[in-house]
Every structure is written in C-alpha cells, then in structure tokens.
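Tertiary structure, described
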Amino acid sequence: MSAFLATVSSIEERDEGGRPVTARVLPHLAGGGVSMPFAVFRPLRDGDDAVRVGEEVICLQLADGSGLILSRPDGS
C-alpha cells in the first residue's frame, strides 16, 4: 500500500448526476504511469468540490493496483 501525490488524467466513470465516480491519475513519482481507474472519495464528487482533470490529488494505492482518490494536497 502506498500514498502519493498525482494529477487527475481522466474521469473514467460518472454517476447519473454527472458526478465523477472513478478517475485515472498520473503519479508524480519518477517513472509513474497512468493508474487503473481509482474510486473517487464521496466528498470529492459533488458540485464545485468535484475533482477535475488536471487537478493535483492525494491517492492511496493497494497492492493489487486498485486505489482511492482521497483528498487534495490542501486537505479540501
């Protein structure tokens, strides 16, 4: 398991209301490739707080490659 800073590269899935449910990220680590789709933590799905392509986020990745977008670097 690892936590890292990344940039959202694409929104892969949206719910019926158009809110992001999964997204791919590009880790800021040397040699990091684009991730498989990570789940977006619910507080980051709604309205003006919804994650967007190009935003920096903090992610948690599990050993199987799955992961979760947890927060922005400023904690929002």
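Residues numbered from 1 in each chain as written. Predicted model: local features only at pLDDT ≥ 70, side-chain atom pairs only at ≥ 80, totals over all residues. Heavy atoms only, no water.

Each helix and strand in the protein chain was counted, giving 0 helices and 5 strands. Starting at the N terminus and ending at the C terminus, the protein chain contains elements arranged as β-β-β-β-β. Taking 2.2 N^0.38 as the reference for a compact globule, 76 residues should give roughly 11 Å; the C-alpha atoms of the protein chain span a radius of gyration of 11 Å, in line with that estimate. Dimensions of the protein chain along its principal axes, counting C-alpha atoms only, are 35 × 25 × 20 Å. For the protein chain, the residues scored as buried account for 34% of the 76 residues in total. In the protein chain, the share of contacts with a sequence separation of at least 24, taken over all contacts with a separation of at least 6, comes to 43%. Roughly 4400 Å² of accessible area belongs to the protein chain as shown, and the carbon and sulfur atoms make up 54% of that amount. With 7 positive and 11 negative side-chain charges, the protein chain shows a spacing of 3 Å between the two charge centroids. (Helix = DSSP H or I, 4+ residues; strand = E, 2+ residues; numbered from the N terminus. Rg over C-alpha atoms; globule rule 2.2 N^0.38 Å. Buried < 20%, exposed > 50% of the residue type's maximum accessible area, 1.4 Å probe, protein only. Contact = heavy atoms within 4.5 Å. Areas by Shrake-Rupley, 256 points an atom, 1.4 Å probe, with all protein chains shown as cover. Lys, Arg positive; Asp, Glu negative; His and termini not counted. Charge placed at Lys NZ, Arg CZ, Asp CG, Glu CD.)

For the rest of this paragraph, the subject is the nonpolar core. Of all hydrophobic cores here, the largest spans 13 residues; its most connected members are Val-25, Val-51, Val-57, Cys-59 and Ile-69. Of all elements in the fold, only strand S1 (2–14), strand S2 (20–27), strand S3 (38–40) and strand S4 (56–61) reach the threshold of two or more residues within this core. Residue contributions to this core peak at 4 residues, all from S1. Leave out the neighbours within four places in its chain, and Val-51 touches Ile-11, Pro-20, Val-40, Leu-44, Val-57, Ile-69 and Arg-72. (Core = buried A, V, L, I, M, F, W, Y, C linked by side-chain atoms within 4.5 Å.)

Spatially, S1-S2-S3-S5-S4 is the arrangement adopted by the 5 strands of the closed barrel, whose pairing is mixed. On average, each strand axis in the sheet is tilted by 50° relative to the strand beside it, whichever way the strands run. Judged from the 4 bridges that link them, S4 and strand S5 (residues 67–71) form a sheet pairing that is antiparallel. Considered in S5, the bridge of Leu-60 is made with Leu-68. (Pairing = 2+ DSSP bridges. Axes fitted to C-alpha atoms, helices over the stretch in contact; angles between N-to-C directions.)

Using the criterion set out here, one finds 4 salt bridges in the structure. Between Arg-72 and Glu-55 there is a salt bridge whose closest N-O contact spans 2.9 Å. With Arg-72 in the segment after S5 and Glu-55 in the loop between S3 and S4, this residue pair connects regions lying 17 residues apart in the sequence. The two residues Arg-72 and Glu-55 agree in class, both being buried. Linked through salt bridges whose partners overlap, the residues forming this network are Asp-15, Arg-19 and Asp-46. (Salt bridge = Lys/Arg side-chain N within 4 Å of Asp/Glu carboxyl O.)

Bear in mind that shape data such as this cannot, by itself, settle questions of function.
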